[in-house]
Amino acid sequence: VSAEKNLPAKWTTEENVAWKVAMPGWSGSTPIIWRNHVFVSVADGDNLFLWAIDKTKGEVLWKRPLGSGNVKMRKHNMSSPSPVTDGKNVYVMTGTGVLKGFDFAGKELWTRDIQKDYGEFGLQWGYASSPLLFEDSLYVQVLHGMKTDDASYVLRINKADGKTVWKVERPTEA
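Residues numbered from 1 in each chain as written. Predicted model: local features only at pLDDT ≥ 70, side-chain atom pairs only at ≥ 80, totals over all residues. Heavy atoms only, no water.

1. As for the overall build of the chain
At step 1: The number of helices and strands found in the chain is 1 helix and 14 strands.
At step 2: Scored against the burial criterion, the 174 residues of the chain give a buried share of 39%.
At step 3: Intrachain contacts of the chain at a sequence separation of at least 6 include 40% that bridge at least 24 residues. (Helix = DSSP H or I, 4+ residues; strand = E, 2+ residues; numbered from the N terminus. Buried < 20%, exposed > 50% of the residue type's maximum accessible area, 1.4 Å probe, protein only. Contact = heavy atoms within 4.5 Å.)

Laid out in structure tokens, this is it:
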């Protein structure tokens with residue numbers, strides 16, 4: 001939702017471009033915007049990061065590590081899940097199962113490793129689901145594929161401390 005008016009209807013690599021930021025690699029995640037902050041998940045070789053970019057100037061404000069283990073799987077890599085924000089903090093999950101919370105200054109609030117806590121993802125093409133933020137919780141879905149007999153599940157995670165509130169299995173024959 002935006003109150004902006006007279007937005008451009010077309011652009012090229014130069015026309016109607018306010019700024020560009022060079023990325024070290026491609027990502028399937030969607031950048032998110034809150035006021036003057038743009039947050040984006042970034043893959044840089046084996047490593048994964050959350051970047052905060054100044055929306056007006058296009059300057060990188062900070063880069064925070066999310067872990068290593070980046071791999072390309074078909075058309076995406078481990079930076080594919082998109083971050084979410086409540087306007088105060090930003091939360092991001094990686095395809096490796098790392099889930100972290102940060103404040104807007106880049107201070108890490110907490111970290112989780114979902115695969116360490118609940119077992120390896122059994123996905124054929126890798127994990128790319130973005131967390132859902134609602135009120136005081138993050139909802140994380142893990143839909144297992146053919147590489148495990150473990151049940152798929154949904155987690156409700158307290159956004160303040162990163163602790164699991166509940167876990168519900170999602171039985172499926174898919």
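Picking up where we left off.
2. Some words on the side chain of serine 80
At step 1: Mapped onto the fold, serine 80 is located in the loop between β6 (76-77) and β7 (84-85).
At step 2: The exposure class assigned to serine 80 is buried, which follows from its relative accessible area of 7%.
At step 3: A polar contact is formed between the side chain of serine 80 and the backbone oxygen of asparagine 77, at a distance of 2.9 Å.
At step 4: Each residue touching serine 80, except ones within four places of it in the same chain, is listed here: Gly28, Ser29 and Ala128. (Polar contact = N/O pair within 3.5 Å; in protein donor to acceptor, adjacent residues only side chain to side chain.)

3. With respect to the sheet that holds strand β3 (residues 47-54)
Each strand in a sheet pairs with its neighbour through backbone hydrogen bonds, running either in the same direction (parallel) or in the opposite one (antiparallel).
At step 1: Read across the sheet, 4 strands follow the order β1-β2-β3-β4 without closing on themselves; strand pairing throughout is antiparallel. With one partner strand each, in any of the chains shown, β1 (32-34) and β4 (60-68) form the two edges of the open sheet. With strand direction ignored, the average angle separating the axes of adjacent strands in the sheet is 25°.
At step 2: Two elements, strand β2 (residues 37-44) and β3, share 8 bridges in a ladder whose sense is antiparallel. (Pairing = 2+ DSSP bridges. Axes fitted to C-alpha atoms, helices over the stretch in contact; angles between N-to-C directions.)

4. What to know about the sheet that holds strand β12 (residues 137-142)
At step 1: An order of β11-β12-β13-β14 is seen for the 4 strands of this open sheet, with the pairing classed as antiparallel. Across the chains shown, the open sheet's two edge strands, defined by having one partner strand only, are β11 (132-134) and β14 (164-170). Taken pair by pair, the neighbouring strands of this sheet meet at an average axis angle of 20°, ignoring direction.
At step 2: In this sheet, β12 lies alongside β11 in antiparallel orientation, the contact comprising 3 bridges.

5. Some thoughts on the nonpolar core
At step 1: With 15 residues, the main nonpolar core has Ile114, Phe121 and Val140 as its most contacted residues.
At step 2: Not counting the four nearest positions on each side in its chain, valine 140 is found in contact with Met93, Leu99, Tyr127, Pro131, Tyr153, Val154, Leu155 and Ile157.
At step 3: Counting 13 residues, the second largest nonpolar core, distinct from the first, contains Ile32, Leu48, Met78 and Val90. (Core = buried A, V, L, I, M, F, W, Y, C linked by side-chain atoms within 4.5 Å.)

6. Section: the pairing of β14
At step 1: Here strand β13 (residues 152-158) runs beside β14; their pairing, made up of 6 bridges, is antiparallel. Looking at β14, one finds that leucine 155 is bridged to lysine 167.
At step 2: What sits between β13 and β14 in their antiparallel hairpin is a turn of 5 residues, with glycine 162 showing a positive phi close to 80°.

7. Things to note about a nonpolar patch on the surface
At step 1: A cluster of nonpolar side chains, namely Val165, Trp166 and Val168, defines an oily patch on the protein surface of about 240 Å² accessible area.
At step 2: If you trace the backbone, valine 165 turns up in strand β14. (Patch = residues over 30% accessible without salt bridge, like charges linked within 9 Å, V, L, I, M, F, W, Y side chains within 5 Å. Areas by Shrake-Rupley, 256 points an atom, 1.4 Å probe, with all protein chains shown as cover. Salt bridge = Lys/Arg side-chain N within 4 Å of Asp/Glu carboxyl O.)

8. Side note on the environment of asparagine 16
At step 1: Tracing the backbone through its elements, the reader meets asparagine 16 in the segment before β1.
At step 2: For asparagine 16 and alanine 105, which are 89 residues apart along the polypeptide, the C-alpha to C-alpha distance reads 29 Å.
At step 3: Discounting residues that sit within four places of it in the chain, asparagine 16 has contacts with Pro8, Lys10 and Trp11.
At step 4: Here lysine 10 takes part through its backbone oxygen, which lies 2.8 Å from a polar atom of the side chain of asparagine 16.

9. Description of the environment of alanine 105
At step 1: One can find alanine 105 in the loop between β9 (98-103) and β10 (108-113).
At step 2: Judged by its relative accessible area of 58%, alanine 105 falls in the exposed class.
At step 3: Measuring from C-alpha to C-alpha, the distance between alanine 105 and threonine 164 comes to 25 Å, with 59 residues separating the pair along the chain.

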